[in-house]
Amino acid sequence: MTTLLDTLLNGLALGAVYALVALGFVVIFKASGVLNFAHGSLLLLGGYLVAVLHDDLGFAGALAVAVLTTAAVAGALDRLLLQRGDPDPKAAHVQTIVTIGVDIILVTDLSRRIGGDLLTLGDPWGDAVTGLGPVTVADSRLAAIVVSTVVIAGVFALFRFTPWGLSLRAAAEDVEAAALMGVRLSRVRMLAWCLAGALAALAAVFLAAFPAPGLERTTGQIALKAFPAAILGGMASPPGALAGSLLIGLTEALVAGYQSELHVLGEGFGDVAPYAVMVVVLLVRPTGLFGAKGAVRV
């Protein structure tokens, strides 16, 4: 029972962090129809900035600078590069391919800077742990759950109660109608990219914190585990991204916690488990857990 409780808590913490990343995928897709394959490199950029700045600015100051800088880079990527191409929403697949090129450039440069080092982010939790009854949990995991919950609640409030959130939902429903109603689509999508960049930078802190060894050049690849979460929930559904992230996080933790019982599946099954769950769910619900079936008039 202790192992199960420990595994479930770790899975919940992982799912909460994956939700930050998956929400970024979903927000960008809702605003622009683009699958942002540069999301992992933006996450790595945010973590790198915290790592190199925390000695001079402190953890809080470095995190604030990293979040703002990553948000600005993401917004500039959309405004100065993607929006300068074909504005037709049907050209989103071309912009998706562009994000692959951007990802290669950013990852190459950041990998060169990081090298083979493990960078510490100077987070206040360190390697401290807290006992919750029979279970011992890293403080960084508890912080991930609390901070992610607060931030995600804030993002959902942003969707629900702000003019930008209303504009985003209108644009996701019908781009042409939203434009005719005066919605400034370019500003809506740029702010969506900024929000996604900020969420990625925040997620980097918890992905590199204990019990992880630190930030390394492959940390950005962890964002790919949040991609199945976004697909599972339905790419245009923020609640679906949250549900999919929790499912992926729990799956990964359970596979890691019971690896000895699942040895017949191979030692590396934990790395592919999120994608296996995605395939199984999509076989049953091709539109995702919260995806809506589209009606086509012919």
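Model, not experiment: these values are computed from the prediction. (Residues numbered from 1 in each chain as written. Predicted model: local features only at pLDDT ≥ 70, side-chain atom pairs only at ≥ 80, totals over all residues. Heavy atoms only, no water.)

Caption draft 1: Molecular detail of the layout of surface pockets. Looking at the second largest pocket, its volume works out to about 490 Å³. Elements with a minimum of two residues in the lining of the second largest pocket: α1 (2-32), α4 (139-161), α7 (185-208), α8 (223-233) and α10 (269-284). Looking at the lining of the second largest pocket element by element, the count peaks at 4 residues for α1. (1 Å grid on protein atoms, 1.4 Å probe; cavity = no way out; pocket = protein on both sides within 12 Å on 5 of 7 lines; lining within 4 Å. Points joined across faces, edges and corners; volume = space filled by probe spheres on them. Helix = DSSP H or I, 4+ residues; strand = E, 2+ residues; numbered from the N terminus.)

Caption draft 2: Geometry of the pairing of strand β1 (residues 129-132). Bridge count between β1 and strand β2 (residues 135-138): 4 bridges; the pairing is antiparallel. Paired with Leu 132 across the two strands is Val 135, which belongs to β2. In textbook terms, the turn of a hairpin is the stretch between consecutive antiparallel strands, and for β1 and β2 this stretch comprises 2 residues, one of which, Gly 133, has a positive phi near 65 degrees. (Pairing = 2+ DSSP bridges.)

Caption draft 3: Up close: a nonpolar patch on the surface. A surface patch of nonpolar side chains, about 260 Å² in accessible area, is lined by Leu 4, Leu 5, Leu 8 and Leu 254. With 3 residues, the top contributor of residues to the nonpolar patch is α1. As for its position among the elements, Leu 8 is in helix α1. (Patch = residues over 30% accessible without salt bridge, like charges linked within 9 Å, V, L, I, M, F, W, Y side chains within 5 Å. Areas by Shrake-Rupley, 256 points an atom, 1.4 Å probe, with all protein chains shown as cover. Salt bridge = Lys/Arg side-chain N within 4 Å of Asp/Glu carboxyl O.)

Caption draft 4: Main features of the packing of aromatic side chains. Scanning the model with the defined rule gives 6 aromatic pairs in all. Plain terms: the ring middles of Phe 59 and Trp 125 are 5.8 Å apart, the flat faces sit at 75 degrees to each other, and that makes the pair edge-to-face. On the criterion of sequence distance, the pair formed by Phe 59 in helix α2 (residues 39-82) and Trp 125 in the loop between α3 (92-114) and β1 is long-range, its members being 66 residues apart. Site record: aromatic cluster; members linked through ring pairs are Phe 25, Phe 37 and Phe 227. (Phe/Tyr/Trp six-rings, centres within 6.5 Å; stacked < 30°, edge-to-face > 60°.)

Caption draft 5: Region of the structure containing α7. For α7, built from 24 residues, the straight-helix expectation of 34 Å at 1.5 Å per residue is met to within 8% by its first-to-last C-alpha distance of 35 Å. Across the 24 residues that make up α7, a large majority, 19, are buried. (Expected span 1.5 Å × (residues − 1). Buried < 20%, exposed > 50% of the residue type's maximum accessible area, 1.4 Å probe, protein only.)

Caption draft 6: Highlighting the environment of Thr 120. By secondary structure assignment, the location of Thr 120 is in the loop between α3 and β1. Overall, Thr 120 belongs to the exposed group, its relative accessible area being 53%. Each C-alpha atom of the pair Thr 120 and Val 52 lies 8.8 Å from the other, and the pair is 68 residues apart in sequence. Among all residues touching Thr 120, those that are not within four sequence positions of it are Ala 51 and His 54. (Contact = heavy atoms within 4.5 Å.)

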